[in-house]
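Reading the structure
Listed here are the chains, written in short residue letters.
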Amino acid sequence: MHAFNDFQLHERLAADTISLGRSRLCEVRLMNDRTWPWVILVPAVPGIREIYELEVTEQQRLLAESSALSKEMMALFDGDKMNVAALGNMVPQLHLHHIVRFQGDPAWPGPVWGAQPPVPYDEPGLASVLEKLSPVISFLA
């Protein structure tokens with residue numbers, strides 16, 4: 001496994017997201033957009049841009065964490081579809097988006113990117129989603 005000591009979160013991810021803590025492999029971040037339940041896994045491995053650059057055990061751990069997160073988010077938010085994506089066009093640091101989608105949401109059936117400006121959480125909304133996600137994050141640790 002890589003040493004995680006030198007890991008630094010990309011400044012764009014830090015600015016656009018809220019920390020939910022750490023899993024065994026990843027920084028777990030909430031996108032600051034209340035339109036969709038949207039959590040990002042960022043493998044805490046310095047200098048990684050693509051999944052194939054991770055060691056095989058890290059790839060397996062990332063898939064396990066992503067699958068567990070997806071399953072739990074769908075159960076919590078009763079979504080119609082789970083979108084998982086690792087685009088990296090704007091932020092080169094490897095990160096996986098997990099977005100619960102609903103038929104009739106503002107971007108359905110298209111992608112969420114560019115559909116509308118982000119709608120940041122207010123304090124009560126953030127407290128509510130953090131409470132809802134807390135068991136999921138504990139499960140990943």
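The shown structure was predicted, so the numbers you read here are calculated from the model rather than taken from an experiment.

In this sheet, strand S2 (residues 26–31) lies alongside strand S1 (residues 17–22) in antiparallel orientation, the contact comprising five bridges. Paired with Ser-19 across the two strands is Arg-29, which belongs to S2.

Okay, the environment of Val-112 next. As for its position among the elements, Val-112 is in the loop between strand S5 (96–101) and helix H3 (123–140). Under the relative-accessibility criterion, Val-112 is labelled buried at 4%. Sequence-wise, Val-112 and Thr-35 are 77 residues apart; in three dimensions their C-alpha atoms are separated by 9.5 Å. Non-local contacts of Val-112, meaning those with residues more than four positions away in its chain, are made with Trp-36, Trp-38, Ile-99, Arg-101 and Ala-107.

Here we take up the packing of helix H2 (residues 56–77) against H3. Each pair of packed helices can be summarised by the angle the axes make with each other and by the distance between the axes. Two elements in contact, H2 and H3, have axes separated by 10 Å at closest approach and are oriented at 145°. The crossing of H2 and H3 is right-handed. Residues Arg-61, Glu-65, Ala-68, Leu-69, Glu-72, Met-73, Leu-76 and Phe-77 of H2 pack against Val-129, Lys-132, Leu-133, Val-136, Phe-139 and Leu-140 of H3. Per-class residue counts for the contact of H2 with H3 are 10 nonpolar, no polar and four charged.

Calculation criteria
- Residues numbered from 1 in each chain as written.
- Predicted model: local features only at pLDDT ≥ 70, side-chain atom pairs only at ≥ 80, totals over all residues.
- Heavy atoms only, no water.
- Pairing = 2+ DSSP bridges.
- Helix = DSSP H or I, 4+ residues; strand = E, 2+ residues; numbered from the N terminus.
- Buried < 20%, exposed > 50% of the residue type's maximum accessible area, 1.4 Å probe, protein only.
- Contact = heavy atoms within 4.5 Å.
- Axes fitted to C-alpha atoms, helices over the stretch in contact; angles between N-to-C directions.
- Left-handed = near helix turned anticlockwise from the far one by under 90°.
- Nonpolar A, V, L, I, M, F, W, Y, C, P; charged D, E, K, R; others polar.

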